[in-house]
Amino acid sequence: MVFGIICSAVAGAFISVQAAVNAKMNTNLGAWATTVLVFIVGLIGSIIPLLLFGGNLSGLRDVSPIYWLGGLLGVGVVYCVMRSIQLLGPTLSVSLILVSQLIWALLVDLYGAFGMPQITLSAGQVVGLTVLLVGVILFKQSQTAAVAKQAVNEATS
């Protein structure tokens, strides 16, 4: 469990940093060229540990074609995260992404989609999701107020 928590924290950090880096690269290359480059570098970065540590590519023929969509979904993730960072800024974008991830993960759990164990909805989950949504709204409102205050301070100085 501890390793899972560490991996989750590292993934969150990687997603946020990758999104910012990709958004900056997009200004020079454009969205689709950046997405292609991200996946080429990612492919190389995946092949190296595969060669060093091994893997079971022979089981590829046993994988249902529906699971191949993971690669296409990854393209959508990179593109949409990059564009949302550019349009909304990092903090609001990541906040909305987290809310969306939690809602969709909950749906996967509730329906047992993709062979995942099915769970039942609890009051704690509803409260937790509500708290997260309220937190994002409060966060955005305080961010908007801080930006407005900064603009006033800059205008008067």
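Residues numbered from 1 in each chain as written. Predicted model: local features only at pLDDT ≥ 70, side-chain atom pairs only at ≥ 80, totals over all residues. Heavy atoms only, no water.

Trainee: Would you explain the environment of Lys24 in this entry?
Mentor: Mapped onto the secondary structure, Lys24 falls in helix H1 (residues 2-29). By relative accessible area, which is 60% here, Lys24 ends up exposed. Along the backbone, Lys24 and Met82 are 58 residues apart, and their C-alpha atoms lie at a distance of 8.7 Å. (Helix = DSSP H or I, 4+ residues; strand = E, 2+ residues; numbered from the N terminus. Buried < 20%, exposed > 50% of the residue type's maximum accessible area, 1.4 Å probe, protein only.)

Trainee: Explanation requested: the packing of helix H4 (residues 90-111) against helix H5 (residues 123-156) in the structure shown.
Mentor: In a packed pair of helices, the relevant descriptors are the angle between the two axes and the axis-to-axis distance. Close contact between H4 and H5 brings their axes to 10 Å; oriented N to C, the two are set at 165 degrees. Judged by the angle between their axes, H4 and H5 are roughly antiparallel. For the element pair H4 and H5, the recorded crossing hand is left-handed. Residues Thr91, Leu92, Ser95, Leu96, Leu98, Val99, Leu102, Ile103 and Leu106 of H4 touch H5, and the partners they reach there are Gln125, Leu129, Leu132, Leu133, Val136, Phe139, Lys140 and Gln143. The residue makeup of the contact of H4 with H5, split by class, is twelve nonpolar, four polar and one charged. (Axes fitted to C-alpha atoms, helices over the stretch in contact; angles between N-to-C directions. Parallel < 35°, antiparallel > 145°, perpendicular 65-115°, else oblique. Left-handed = near helix turned anticlockwise from the far one by under 90°. Contact = heavy atoms within 4.5 Å. Nonpolar A, V, L, I, M, F, W, Y, C, P; charged D, E, K, R; others polar.)

Trainee: In this structure, what is going on with a nonpolar patch on the surface? I would like to understand it.
Mentor: Taken together, the side chains of Leu60, Val63, Ile66, Tyr67, Trp68, Leu69, Leu72, Leu73, Phe114 and Met116 present a nonpolar region at the surface, about 1,000 Å² in accessible area. Following the sequence through the fold, Leu69 ends up in helix H3 (residues 69-88). Assessed through its relative accessible area of 40%, Leu69 is described here as partly exposed. (Patch = residues over 30% accessible without salt bridge, like charges linked within 9 Å, V, L, I, M, F, W, Y side chains within 5 Å. Areas by Shrake-Rupley, 256 points an atom, 1.4 Å probe, with all protein chains shown as cover. Salt bridge = Lys/Arg side-chain N within 4 Å of Asp/Glu carboxyl O.)

Trainee: Quick question: what am I supposed to make of the nonpolar core here?
Mentor: General note: in soluble globular proteins, nonpolar side chains tend to be found buried as a group. Formed by Ala19, Ala23, Ala31, Val81, Met82 and Ile85, the largest nonpolar core amounts to six residues. Once residues lying within four places of it in the same chain are set aside, the contact partners of Ala23 are Met82, Ile85 and Gln86. (Core = buried A, V, L, I, M, F, W, Y, C linked by side-chain atoms within 4.5 Å.)

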